Amino acid sequence: MTFDTYEIVKNCGSKKEDMRIALNAVIDEYKPIFEDHSGKVRMVALDTSSTESGYAYFEAGDLKDSGVINHKKEKDPEIRVEDMVMSLYNILNKYMPDIVVIENNVVGRNAQTERMLGHIVGCVNGWALSNFKEFVKIRPGEWRKAVKGDIVCPRKRDEAKKWSIARTAELYHIWVNDNEADAILLGTGYVRMMDALK
């Protein structure tokens with residue numbers, strides 16, 4: 001609730017009409033939170049990096065949309081991270097998910113990469129907090145285990161990326177690049193992990 005809305009509520013007194021106006025102001029302010037798309041849980045899964053991030057949008061566990069955000073052309077790392085964060089905000093504001101699932105940072109990259117990824121993940125977490133949404137971080141091994149079936153997933157990074165592309169094609173009959181495939185499988189893995197708990 002903003003300060004202005006708070007003042008309306010505080011000063012409305014006991015008059016029903018004033019209270020109605022105050023409550024409508026609160027609802028208008030947070031309208032996206034109350035919109036539920038016919039009761040279907042909305043989720044965005046993100047495979048983030050400072051250069052190219054994949055995203056996937058799910059409704060009630062079904063994949064509805066996916067894509068890639070590409071900022072490879074920007075050479076300044078600080079500007080590139082800011083551009084990536086704003087692009088991710090645009091995706092999140094577009095779909096207004098109930099749940100944001102993101103891949104947990106993999107330890108072992110260089111310090112600058114770790115710092116940039118940490119900044120991006122932190123900003124996404126901030127978006128979720130400010131919009132009262134659930135924020136979930138999943139390790140790569142967790143979501144890969146949930147989607148691999150009987151297929152062995154390679155451990156080496158380059159081979160694992162190729163595996164993601166092939167597995168996404170097998171599950172959804174679409175051909176996408178590795179970042180988009182990882183986002184799709186990340187979301188799929190989370191859905192399967194939650195289904196297993198029912």
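Residues numbered from 1 in each chain as written. Predicted model: local features only at pLDDT ≥ 70, side-chain atom pairs only at ≥ 80, totals over all residues. Heavy atoms only, no water.

**Observations regarding the environment of Asn 93**
Then comes step 1: Looking at the element boundaries, Asn 93 is found in helix α4 (residues 77–95).
Then comes step 2: Sequence separation between Asn 93 and Asn 131 is 38 residues; the distance between their C-alpha atoms is 9.7 Å. (Helix = DSSP H or I, 4+ residues; strand = E, 2+ residues; numbered from the N terminus.)

**Some words on the confidence of the model for the chain**
Then comes step 1: Taken as a whole, the chain shows an average pLDDT of 83; of its residues, 78% reach a score of 70 or greater.
Then comes step 2: When pLDDT is averaged over each element of the chain, strand β1 (residues 42–47) comes out on top at 97 and helix α3 (residues 31–34) at the bottom at 42.
Then comes step 3: Confidence drops under pLDDT 50 across residues 1–9; counting only partners more than four residues distant or on other chains, this segment forms twelve contacts.
Then comes step 4: Predicted confidence is poor over residues 30–37, with pLDDT under 50, and the contacts of this stretch with residues over four places away or in other chains come to 14 contacts. (pLDDT = per-residue confidence, 0-100. Contact = heavy atoms within 4.5 Å.)

**Some details on the sheet that holds strand β3 (residues 62–70)**
Then comes step 1: With mixed pairing, the five strands of this open sheet are ordered in space as β3-β2-β1-β4-β5. Pairing within the sheet leaves two strands with one partner each, and these edge strands are β3 and β5 (134–138). Direction aside, neighbouring strands of the sheet carry axes that sit 20° apart on average.
Then comes step 2: When β1 meets strand β2 (residues 52–59), the two strands line up antiparallel, connected through six bridges. Considered in β2, the bridge of Arg 42 is made with Glu 59.
Then comes step 3: The strands that helix α8 (residues 178–196) touches are β1, β2, β3, β4 (99–103) and β5; relative to β2, the one it contacts most, it runs at about 35°. (Pairing = 2+ DSSP bridges. Axes fitted to C-alpha atoms, helices over the stretch in contact; angles between N-to-C directions.)

**A look at the packing of helix α6 (residues 140–147) against helix α7 (residues 157–172)**
Then comes step 1: In the contact formed by α6 and α7, the axes pass within 12 Å of each other and the chain directions differ by 35°. Note that α6 runs across α7; the crossing there is left-handed. On α7, the residues touching Trp 143, Arg 144 and Val 147 of α6 are Ala 160, Trp 163, Ser 164 and Arg 167.
Then comes step 2: The class makeup of the residues in the contact of α6 with α7 is four nonpolar, one polar and two charged. (Left-handed = near helix turned anticlockwise from the far one by under 90°. Nonpolar A, V, L, I, M, F, W, Y, C, P; charged D, E, K, R; others polar.)

**Quick look at the pairing of β3**
Then comes step 1: As judged from the eight bridges shared by β2 and β3, these two strands associate in the antiparallel manner. Of the residues in β3, the one forming a bridge with Glu 52 is Asn 70.
Then comes step 2: Linking β2 to β3, which pair antiparallel, is a turn of two residues; within it Ala 60 sits at a positive phi near 50°.

**Description of the pattern of salt bridges**
Then comes step 1: By the definition in use, this model includes seven salt bridges.
Then comes step 2: Residue Lys 161 is joined to Asp 47 by a salt bridge in which the shortest nitrogen-to-oxygen separation is 3.9 Å. Taken together, the residues span a long stretch of sequence, with Lys 161 in helix α7 and Asp 47 in strand β1 at a distance of 114 residues. When sorted by exposure, Lys 161 lands in the same class as Asp 47, which is buried.
Then comes step 3: Of the charged contacts in the structure, one is a salt bridge between Arg 167 and Glu 170, with a shortest N-O distance of 3.1 Å. Placement of both Arg 167 and Glu 170 in helix α7 is noted, with a separation of three residues, approximately one turn of the helix.
Then comes step 4: One salt-bridge network, held together by shared partners, links Asp 47, Lys 161 and Asp 182. (Salt bridge = Lys/Arg side-chain N within 4 Å of Asp/Glu carboxyl O. Buried < 20%, exposed > 50% of the residue type's maximum accessible area, 1.4 Å probe, protein only.)

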